[in-house]
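Single-letter residue listing:
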Amino acid sequence: MSGGVDSSVAAALLKKENFRLIGVTMKTWGFDNLPEKDSGCCSLETIYNARNVAYSLGFNHYTLDFTEKFNEVVITNFIDEYLNGNTPNPCVLCNKAIKWGVLLEKADSLGADFIATGHYANVEKDPVSKRYYIAKGKDIEKDQSYALWRISQEALSKTIFPLGNFTKPEIREIARKMNLKSSETPDSQEICFVPNNNYRELLQIRLPDLDKKLAGGDIIYHGKKIGKHKGYPYYTIGQRRGLNIALGKPVYVSKIDPENNVIFVDDEEGLFNTIFTTRDINLMLYEDIEKPITANVKIRYKDRGNEAVIEQISSDCIKVTFKNPKKSITPGQSAVFYEGNKVIGGGIIDKIIE
């Protein structure tokens, strides 16, 4: 329970179905570590809001401190990925390691049969293979299936998404009828542990010497040095602003070379690629992909997806070949494979082939 409208209504819907509930709010970062970030999903206000909702619905509420594990797994990976020249999606790893990792372990220890969240998605089970998989929620604009691809089969078997067959306006209307303060609260778009929604500040807090070590590397355009950058971790594929170069036309970050501290830029047409590989794959709908299949592939959260052929080339790697070139394929982001509304699985974008 985050104290927001979605998890609060999810609890109310489950209560209506006569589930016996235990409310849990996760504290995933320390107020003392990033005091300027005392807002968002882990603030004292949201914890109090969650507790008040739980008590009003008649069940106990607990705040669990996962700060150490979150820092060790999610924030460390977030920083490492940027140092490797990638652009991570920490919510995907948090879902796997924290919500469906240590939280699920805690739920088991409390005697709970399931965990439930306020995600807009569905969990379904294939009647033939008996495998569990994520499916898109009813509200396509709010659908969160993209961020849930790393959840294991065992964890999926213990998961309920009460909001999967509702739209956001319907959930807000239920919240209004419940007189929830959060019924009109805007949705958060920020990463919960990043100060001022600026990941560069987090890197500077955790790595004070970073600027001194990396500032001044070359920016390369079509084989020529055209400027100096502030440090390669501060850039992402497709970025145009903040390059501080004047060519009389817009150029974009097209490649990051962390080993040599070099940023490559190109014209917009240079951002399009067709083939890439993924690592750290997790398959849901099928145990393995035995031969190349056609899927709809999303490479970022708000991406509508495009047709591609996916081919499993090892136990931990899938090659993706888009039917048509795709703009700004970004290493570190998630590629998620769909068959209609069903999530086949996903992987972390690794290498751009062509």
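Going by the structure above, here's the rest.
Predicted, not measured: the structure shown is a model, and the values here were computed from it. (Residues numbered from 1 in each chain as written. Predicted model: local features only at pLDDT ≥ 70, side-chain atom pairs only at ≥ 80, totals over all residues. Heavy atoms only, no water.)

A. Up close: the sheet that holds strand E9 (residues 252-257). On the basis of which strands lie adjacent, the open sheet formed by four strands has the order E8-E7-E10-E9 and mixed pairing. Only two strands of the sheet have a single partner each, and these edge strands are strand E8 (224-228) and E9. The average undirected angle you get between the axes of adjacent strands in this sheet is 35°. Where E9 and strand E10 (residues 262-266) come together, five bridges link them in antiparallel fashion. Across the sheet, Asp257 pairs through a bridge with Val262, a residue of E10. (Pairing = 2+ DSSP bridges. Helix = DSSP H or I, 4+ residues; strand = E, 2+ residues; numbered from the N terminus. Axes fitted to C-alpha atoms, helices over the stretch in contact; angles between N-to-C directions.)

B. Highlighting the pattern of salt bridges. A full pass over the atoms with the stated rule returns 15 salt bridges. What emerges from the salt-bridge pattern is a single network uniting Glu81, Arg279, Asp280, Asp350 and Lys351. (Salt bridge = Lys/Arg side-chain N within 4 Å of Asp/Glu carboxyl O.)

C. Seen up close, helix H6 (residues 168-177). Among all positions in H6, only Lys168, Ile171, Arg172 and Ala175 are buried. Looking down the long axis of H6, one finds its buried residues gathered within 100° of arc, a one-sided arrangement. The exposed residues of H6 that point more than 90 degrees off its buried face are Pro169 and Lys177. Residues of H6 that are buried in the fold lie against helix H1 (5-16). Looking one or two places after H6, you find Asn179, whose phi comes out positive at around 60°. (Buried < 20%, exposed > 50% of the residue type's maximum accessible area, 1.4 Å probe, protein only. Arc of directions from axis to C-beta. Contact = heavy atoms within 4.5 Å.)

D. Inspection of the side chain of Asp126 at higher detail. With respect to the secondary-structure elements, Asp126 resides in the loop between strand E4 (121-125) and strand E5 (132-136). Buried within the structure, Asp126 lacks any salt-bridge partner; its nearest side chain of opposite charge belongs to Lys342, at an N-O separation of 5.1 Å. From its side chain, Asp126 meets the backbone nitrogen of Val128 in a polar contact 2.9 Å long. If we ignore the near neighbours within four places in the chain, the residues touching Asp126 are Arg131 and Tyr133. (Lys, Arg positive; Asp, Glu negative; His and termini not counted. Polar contact = N/O pair within 3.5 Å; in protein donor to acceptor, adjacent residues only side chain to side chain.)

E. Broad picture of the environment of Val74. Counting through the fold element by element, Val74 comes out in helix H3 (residues 67-83). The exposure class assigned to Val74 is buried, which follows from its relative accessible area of 1%. Separated by 73 residues in sequence, Val74 and Ala147 have C-alpha atoms that sit 14 Å apart. Look past the residues within four positions of Val74 in its chain and what remains in contact with it is Lys69, Pro90, Leu93, Cys94, Ile98 and Phe193.

F. Quick look at H1. Here H1 is twelve residues long and its end C-alpha atoms lie 16 Å apart, about the 16 Å a rise of 1.5 Å per residue gives. In terms of residue burial, H1 counts as a mostly covered element, since ten of its twelve residues are buried. Looking at H1, one finds that the buried residues are Val5, Asp6, Ser7, Ser8, Val9, Ala10, Ala11, Ala12, Leu13 and Leu14. Looking at the buried positions of H1, the neighbouring elements they touch are helix H2 (44-57), strand E3 (115-116), strand E6 (159-160) and H6. Within two residues after H1, Asn18 carries a phi angle of roughly 70°, on the positive side. (Expected span 1.5 Å × (residues − 1).)

G. A look at the pairing of strand E15 (residues 334-339). The element E15 is largely enclosed, with a buried count of five among its six residues. Relative to strand E16 (residues 342-352), E15 is paired through six bridges, and the arrangement is antiparallel. Bridge pairing in E16 places Tyr338 opposite Val343.

H. A look at unusual backbone geometry. A positive phi is found at Lys130, a non-glycine position, where the angle reads about 65°. Mapping Lys130 onto the fold places it in the loop between E4 and E5. Although it is not a glycine, Asn179 sits at a positive phi angle of roughly 60°. Here Asn179 is to be found in the loop between H6 and helix H7 (199-206).

I. How the structure looks around the packing of aromatic side chains. The full count for this structure, using the stated rule, is eight aromatic pairs. Geometrically, the ring pair formed by Phe78 and Tyr82 is edge-to-face, given 5.2 Å between the ring centres and 75° between the ring planes. With a gap of four residues between them, Phe78 and Tyr82 both fall in helix H3, about one helical turn apart. Given the relative accessible area of 6%, Tyr82 is considered buried. Note on Trp100 and Phe161: the rings are 6.0 Å apart at their centroids and 70° apart in plane angle, and the pair reads as edge-to-face. Note that Trp100 is positioned in helix H4 (residues 90-109) and Phe161 in the loop between E6 and H6, a separation of 61 residues in sequence. (Phe/Tyr/Trp six-rings, centres within 6.5 Å; stacked < 30°, edge-to-face > 60°.)

Treat this as a map of the structure, not an account of what it does.
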